[in-house]
Amino acid sequence: MELGSVILTIGGSVGFFKFVNSGVAKLPTPESACRNAWKWRNISTSCVHSMITATWAVLCFFLHPQMAEDLIETHSVFSHVLVSFSIGYFIYDFFDMLRSQKLSQSWELLFHHIVVITCFGLAVVSCRYVGFAVVALLVEINSVFLHIRQILRMANMAASTLYRVNSMINLGTYVVFRINTLAWMTRWLVLNRDKVPLLAYTLGSVGMAIMTAMNIVLFCRLLRSDFLKSSTREAKKEKET
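Just so you know, the residues in each chain are numbered from 1, in the order the chain's sequence is written. In keeping with the model being predicted, local features are shown solely for residues with a pLDDT of at least 70 and side-chain atom pairs are shown and tallied solely at 80 or more, while totals for entire chains, interfaces and linings include all residues. Note that water and hydrogens are dropped before the side-chain values are worked out from all heavy atoms of the structure.

Caption draft 1: Representation of the overall build of the protein chain. Helix numbers and strand numbers start at the N terminus; a helix is a DSSP run of H or I with at least 4 residues, a strand a run of E with at least 2. Counting its regular elements, the protein chain contains eight helices and zero strands. Traced from its N-terminal end to its C-terminal end, the protein chain shows the element sequence α-α-α-α-α-α-α-α. Our radius of gyration is a C-alpha quantity, and the globule rule it is checked against amounts to 2.2 Å times the number of residues to the power 0.38. Computed over its C-alpha atoms, the radius of gyration of the protein chain comes to 19 Å, within 12% of the 18 Å expected for a compact globule of 241 residues. Taking the principal axes of the C-alpha coordinates as reference, the protein chain spans close to 65 × 40 × 35 Å. Here the analysis covers contacts within the protein chain between residues at least 6 apart in sequence; of these, 77% occur between residues at least 24 apart. Computed with a 1.4 Å probe, the accessible areas rest on the Shrake-Rupley method; for each residue, only the protein chains presented here act as cover. Split by element, the accessible area of the protein chain, about 13000 Å² in all, is 67% carbon and sulfur. Residues count as neighbours in contact if any of their non-hydrogen atoms are within 4.5 Å of one another.

Caption draft 2: Focus on the nonpolar core. The biggest cluster of nonpolar side chains holds 43 residues, and the ones touching the most others in it are Phe120 and Val134. Looking at this core, the elements with two or more residues in it are α1 (3–26), α2 (37–63), α3 (77–100), α4 (103–126), α5 (130–136), α7 (161–191) and α8 (198–240). A per-element tally of this core places α3 first, with eight residues. Not counting residues within four places of it along the chain, the set of residues in contact with valine 134 comprises Ala57, Cys60, Phe61, Met67, Ser79, Leu82 and Val83. What makes a nonpolar core is a set of buried Ala, Val, Leu, Ile, Met, Phe, Trp, Tyr and Cys residues whose side-chain atoms join them at distances within 4.5 Å. The buried label applies to any residue whose accessible area, calculated with a 1.4 Å probe on protein chains only, is under 20% of its type's maximum; exposed applies above 50%, and partly exposed to all values in between.

Caption draft 3: Spatial organisation of the packing of aromatic side chains. Stacked, tilted and edge-to-face pairs are distinguished by plane angle, under 30 degrees for stacked and over 60 for edge-to-face with tilted covering the rest, among Phe, Tyr and Trp rings (Trp via its six-membered ring) whose centres lie within 6.5 Å. Applying the stated criterion across every chain, the model contains 10 aromatic pairs. When the ring of tryptophan 56 is compared with that of phenylalanine 85, the centres are 5.4 Å apart and the planes differ by 45°; the resulting orientation is tilted. Note that tryptophan 56 is positioned in helix α2 and phenylalanine 85 in helix α3, a separation of 29 residues in sequence. A relative accessible area of 15% places tryptophan 56 in the buried class. Summarising the aromatic geometry, the rings of tyrosine 174 and phenylalanine 219 are spaced 5.6 Å apart at their centres and angled 45° between planes, so their arrangement reads as tilted. With tyrosine 174 in helix α7 and phenylalanine 219 in helix α8, this pair connects stretches of sequence that are 45 residues apart.

Caption draft 4: Spatial organisation of the pattern of salt bridges. Here a salt bridge means any side-chain nitrogen of Lys or Arg lying within 4 Å of a carboxyl oxygen belonging to Asp or Glu. Applying the stated criterion across every chain yields a total of four salt bridges. Between aspartate 226 and arginine 149 there is a salt bridge, with the nearest N and O atoms lying 2.8 Å from each other. Placement of aspartate 226 in helix α8 and of arginine 149 in helix α6 (residues 140–154) is noted, with a sequence separation of 77 residues between them. On the accessibility criterion, arginine 149 (10% relative accessible area) is buried. The shortest N-O distance in the salt bridge between aspartate 226 and arginine 153 comes to 3.9 Å.

Caption draft 5: Representation of the packing of α6 against α7. To get an axis, a line is fitted to the C-alpha atoms, and for a helix only the part in contact is used. The angle between two axes follows their N-to-C directions and goes from 0 to 180 degrees. Running from N to C, α6 and α7 cross one another at 150°; their axes reach a closest spacing of 8 Å. It follows that α6 is roughly antiparallel to α7 by the angle criterion. The way α6 lies across α7 gives a crossing that is left-handed. For the pair α6 and α7, the contacting residues are Ile141, Asn142, Ser143, Phe145, Leu146, Ile148, Arg149, Leu152 and Arg153 in the first and Leu162, Tyr163, Asn166, Ile169, Asn170, Thr173, Tyr174, Phe177 and Arg178 in the second. Its residues assigned to classes, the contact of α6 with α7 shows 10 nonpolar, five polar and three charged. Here the angle decides the label: under 35 degrees means roughly parallel, over 145 means roughly antiparallel, 65 to 115 means roughly perpendicular, and every other value means oblique. Each crossing gets its handedness from the near helix: less than a right angle anticlockwise from the far helix is left-handed, clockwise is right-handed. Here the nonpolar group is Ala, Val, Leu, Ile, Met, Phe, Trp, Tyr, Cys and Pro; Asp, Glu, Lys and Arg are the charged ones; every other residue, Gly included, is treated as polar.

Caption draft 6: Focus on the packing of α2 against α6. Where α2 contacts α6, the two axes come as close as 8 Å, and the packing angle between them is 155°. In terms of their interaxial angle, α2 and α6 are classed as roughly antiparallel. Both α2 and α6 take part in a crossing whose hand is left-handed. On α6, the residues touching Lys39, Trp40, Ile43, Ser44, Ser46, Cys47, His49, Ser50, Met51, Thr53, Ala54 and Val58 of α2 are Glu140, Ile141, Ser143, Val144, His147, Ile148, Gln150, Ile151 and Met154. Classifying every residue of the contact of α2 with α6 gives 11 nonpolar, eight polar and two charged.

Spelled out as structure tokens, the structure:
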């Protein structure tokens, strides 16, 4: 795609997610989520992005399998549009959080979005590393379940069977599509060091290091919140009986 088409796609994506957010606001909201209506809309919008991009990323490799053999130069218009579309979402979400949350509450995600927008932006403008960016978007497969988890908690359904099942799928996909994918991407970057310019290599390395650290911290939080605490509560109940 030409630069004009990229800008148009990014702008259209920003407008699309603003429309989705407005649509969510018009839908019935659980009473328990009304005290933080902005967060409910934000997570729901993020879930829509994850569902779209996760499916789209898988289709990119299914329809254009040769891209997996060359993550630097080989890509399709379909995959290029995907990365541009995702940039639009991250720009939208960046300003949505900046406008609605205190900086102390959202600085980690804001920093994450800056890194993603910079790396993806480099890919779409240079028309290189698009395949690498699509691999990164496979992480969104896990994000679907991560967002559903937050939605269920806000709807006071943390004790339901649905939440428990989602928690197990969430943890499994977290390991496969988030931790393992980032580990594979880091390995690929190291092995292809001679093919990647210094600027791109530095951006990629710093980005991978930040994402890996954030993901390990989040994994520990999820494990403690959804499994270790519940196991402790069950053990206490057994002792009481």
